[in-house]
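# Reading the structure
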Amino acid sequence: MRAEPIAKPHAFHAEGPVWWPEWSLEGPGELRYVDMMAGDVLIARGDDVERIHVGKVAAAMRPRGPGGAVIALERGFALAASNDLSDLQVMQPVWDDPSVRFNDGGCDPMGNFYCGTMAYDQHEGAGSLYLLTAEGMASPVLHDLTISNGIGWSPDGTTAYLNDTPTRTIWAFDWEPETGLTERRPWVTLPDDLDGSPDGLWVDQEGGVWVALYGGSAVHRYVKRALTEVVEVPGVTNVTACTFGGDQLQTLYITTTKENVPKGEQPLAGAVFAVEPGVGGLPVLPFGA
């Protein structure tokens, strides 16, 4: 399969795409994503885009059940009750070290927000995974990561998947409301001769795990640890994340970045791409549901 851009590039480092019905006053929903290092939330509307500045870094975002969104900033979280984010309230930083920032995250079936971190210089072992509960309590739940990236849950909610990008491994965990993430184990390790490393991910209605390959110009789908589908992202090397949206969640939206791309090359880098892969995705799990 081959994805195509839905508009000209609006972002330098597009990440964290999310489709949520309640964000749209018309139609089935609205696609939002972040321009991470610009600190902006972007709302896609064809060739036009609305840009909302939220901080130095806009790492990851999820809708809130009652309305609005939760956003991971550089070192803390922010909450908005309104869909236009005009009432954004920034919480206290979770840690003091300015060399570490949030990177990517997602919500579990109970509405808790997991978000991972990384060092700006990407040194090994500096990353962690934090949990923000629906009650607003934040704490680390996993250490010794490097670039904590995409996280998602199986259709029945019992298995979670997490990418630690430099390990080139998609990790799996058992998950239960009472115990959270347990029994970490490698689920898929990318072969040495494959270009790219696992970045963001999303899970489809059949339990397939779609993984964006940073440096690989593609998104891969894995079912029961086997590669079953490849979506090519033409003209862009660094693919960052993906989500399902559109009518019946049948469209796979894919974000890309200009990061680590020589100036003047890859004119489509930073654009959002889309493809209809023939399977629908799981809806986003909102915060505080």
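Residues numbered from 1 in each chain as written. Predicted model: local features only at pLDDT ≥ 70, side-chain atom pairs only at ≥ 80, totals over all residues. Heavy atoms only, no water.

Next up on the list: the UniProt feature "binding site: substrate" (unreviewed entry) in the chain. According to UniProt, the feature "binding site: substrate" (unreviewed entry) maps to Arg-101, Asn-103 and Asp-121 in the numbering used here. The greatest C-alpha distance among the residues just named is 13.0 Å, despite their covering 21 residues of sequence, which places them together in space. Relative to the helices and strands, Asn-103 is located in strand 10 (residues 100-107). For Asn-103, a relative accessible area of 4% translates into the label buried. Here Asp-121 lies in the loop between strand 11 (113-119) and strand 12 (127-132). Under the relative-accessibility criterion, Asp-121 is labelled exposed at 56%. (UniProt positions renumbered as here; feature names shortened; annotations may be inferred. Helix = DSSP H or I, 4+ residues; strand = E, 2+ residues; numbered from the N terminus. Buried < 20%, exposed > 50% of the residue type's maximum accessible area, 1.4 Å probe, protein only.)

What the four strands build is an open sheet, ordered 14-15-16-17; its pairing is antiparallel. Each of the sheet's edge strands pairs with one partner strand only, and the pair in question is strand 14 (148-153) and strand 17 (180-189). Strand-to-strand, the axes of this sheet are offset by a mean angle of 25°, without reference to chain direction. Judged from the seven bridges that link them, strand 16 (residues 169-176) and strand 17 form a sheet pairing that is antiparallel. Of the residues in strand 17, the one forming a bridge with Trp-171 is Pro-186. (Pairing = 2+ DSSP bridges. Axes fitted to C-alpha atoms, helices over the stretch in contact; angles between N-to-C directions.)

If you trace the four strands from one edge of the open sheet to the other, you get 6-7-8-9, paired in antiparallel fashion. The open sheet terminates on both sides in strands that have one partner only, identified here as strand 6 (60-63) and strand 9 (89-90). Alignment of strand 6 against strand 7 (residues 69-72), held across four bridges, turns out to be antiparallel. Within the sheet, the bridge partner assigned to Pro-63 lies in strand 7 and is Ala-69.

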